[in-house]
Amino acid sequence: MTGGLGVIPEPTVKVRMRENQRVAVAPLIKGLMRRLSPLFPPRDATSKSRSRVLKMNQVISADAAMARAIECARAGLGKTFPNPIVGAVITSASGELISEGFHQGGDHAEVVAINAAKNIPAGATLYVTLEPCNHQGKTPPCTQAIIDAGIKKVVYAVSDPNPIAAGGGEYLRASGVEVEYGLMEREASFDNRAWLTKIAKERPRITWKIASTMDGKVATADGTSKWITSELARADVALLRSQSDAIVTSTATVKADNPLLTSKGAGKNPVRIVMGSSEIASNVQILNADAETVTIKSRDPEDLISLAKSRGFNQLLIESGPTFGTALLKAGLIDEVILYQAPTFFGSGTSSISDLEIANISQRLDFEIADVEVIGADLKITLVKSANLEESGR
């Protein structure tokens, strides 16, 4: 059996250059990052450096097989709620790639990979990013499908924390299947962090997207805000939307910007949620037929959480002005910030974050830098609230 955190390597920021290549730059100041929980791994856990083109019958290592399963799981982002994203890879006993699959709302990843295999040879190994489920839900238990397929070894990255579906590993062991867990646990956990957050906190993971200047402004003094960031950065936001379950904005933002808030063809359109007590015009873009729009006649975060829980959302993306976003931040509901920064300065104008009522430095709100990319002319910085910082009260 494998597992545990092991030794966390010295963190390195990964940068996506204009040609969309990612290269390692100088290591950050030693000691910047503490030991993190599996849900919040080192910065390089989000790196796409493991991406590769794999061919059927190619002999691959266990690490490569799990890395490929994680890549497959990412294809399910925004398609699986209320379930997690999961990827699976099947290899022969000698490591030949047999098949792969991912969960996208129907069959689970293990079943997709099993069905995709023309033949599963004796001694085959299944690599899967999450412990196989052991319960009858919308689909039969994956554990039984694995046993019926004759797979003799299962390696999974993350143990299932959901008590309803847990216990798959033990059931497989009791049925004579060799089981290992913990391979690439941190990377798989990070990619599945929305669902894991939902299970741990009993609410969806909430990410605030901000597009600002280098001096932290989201609009000029006259209120102009389109467009601060480049076309490439805006295309990246469209992809981010397609990977979210719902986008949340405020009536004030709808009135000021008349946003569409769709994926612009990058993928499926998420549900759009508009919060606020004031009325919005019937002809605004956000009320068109491109996607479902839900209105909440309040700005109470609990009303948002209640709706999200009733719908089973794993992840909410906040796209609003600083007033609403700051209110969620003060309420302790922002788990992640994705900051797009343009290489420009306004000097004056609207700041990206409103007054947090912080009187001294000990009250500051700290996040960890999870990833840094250069997209076109802009920076994309992903900040996550780490478990360590939450536990320390910072």
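Rules used throughout
- Residues numbered from 1 in each chain as written.
- Predicted model: local features only at pLDDT ≥ 70, side-chain atom pairs only at ≥ 80, totals over all residues.
- Heavy atoms only, no water.
- Core = buried A, V, L, I, M, F, W, Y, C linked by side-chain atoms within 4.5 Å.
- Buried < 20%, exposed > 50% of the residue type's maximum accessible area, 1.4 Å probe, protein only.
- Helix = DSSP H or I, 4+ residues; strand = E, 2+ residues; numbered from the N terminus.
- Contact = heavy atoms within 4.5 Å.
- Polar contact = N/O pair within 3.5 Å; in protein donor to acceptor, adjacent residues only side chain to side chain.

Q: Could you clarify how one ought to interpret the nonpolar core in this entry?
A: The tendency in soluble globular proteins is for nonpolar side chains to be buried as a group. Membership of the largest hydrophobic core comes to 38 residues, with the highest contact counts inside it found for Met-66, Ile-90, Ile-151 and Val-154. Mapped onto this core, the elements with two or more residues apiece are α1 (62-74), β3 (87-91), β4 (97-102), α2 (109-116), β5 (125-130), β6 (153-158) and α6 (193-201). For this core, the leading source of residues is α1, giving six residues. Leave out the neighbours within four places in its chain, and Ile-151 touches Ile-90, Ile-114, Ile-120, Ala-124, Thr-125, Leu-126, Ile-146 and Val-177. Listed in part, the 27 residues of the second largest apolar core include Trp-208, Val-294, Leu-328 and Leu-339.

Q: Sorry, what's going on with unusual backbone geometry here?
A: A negative phi holds for most residues other than glycine; trans holds for most peptide bonds. With omega at 10°, the peptide bond leading from Phe-81 into Pro-82 counts as cis. With respect to the element layout, Pro-82 can be found in the loop between α1 and β3. In this structure, Trp-227 follows Lys-226 across a cis peptide bond, with omega equal to -10°. With respect to the element layout, Trp-227 can be found in the loop between β9 (217-219) and α7 (231-242). In this structure, Glu-202 is a non-glycine residue whose phi angle is positive, near 55°. Note on placement: Glu-202 falls in the loop between α6 and β8 (205-213). Phi at Glu-357 is positive, roughly 60°, even though this residue is not glycine. Mapped onto the secondary structure, Glu-357 falls in the loop between β15 (350-351) and β16 (368-375).

Q: Can you walk me through the side chain of Ser-244 in this structure?
A: Looking at the element boundaries, Ser-244 is found in the loop between α7 and β10 (246-250). Judged by relative accessible area, which is 0%, Ser-244 ranks as buried. A polar side-chain atom of Ser-244 sits 2.9 Å from the main-chain carbonyl oxygen of Leu-240. Those residues in contact with Ser-244 that sit more than four places away from it in its chain are Gly-78, Lys-268, Pro-270, Gln-315 and Leu-317.

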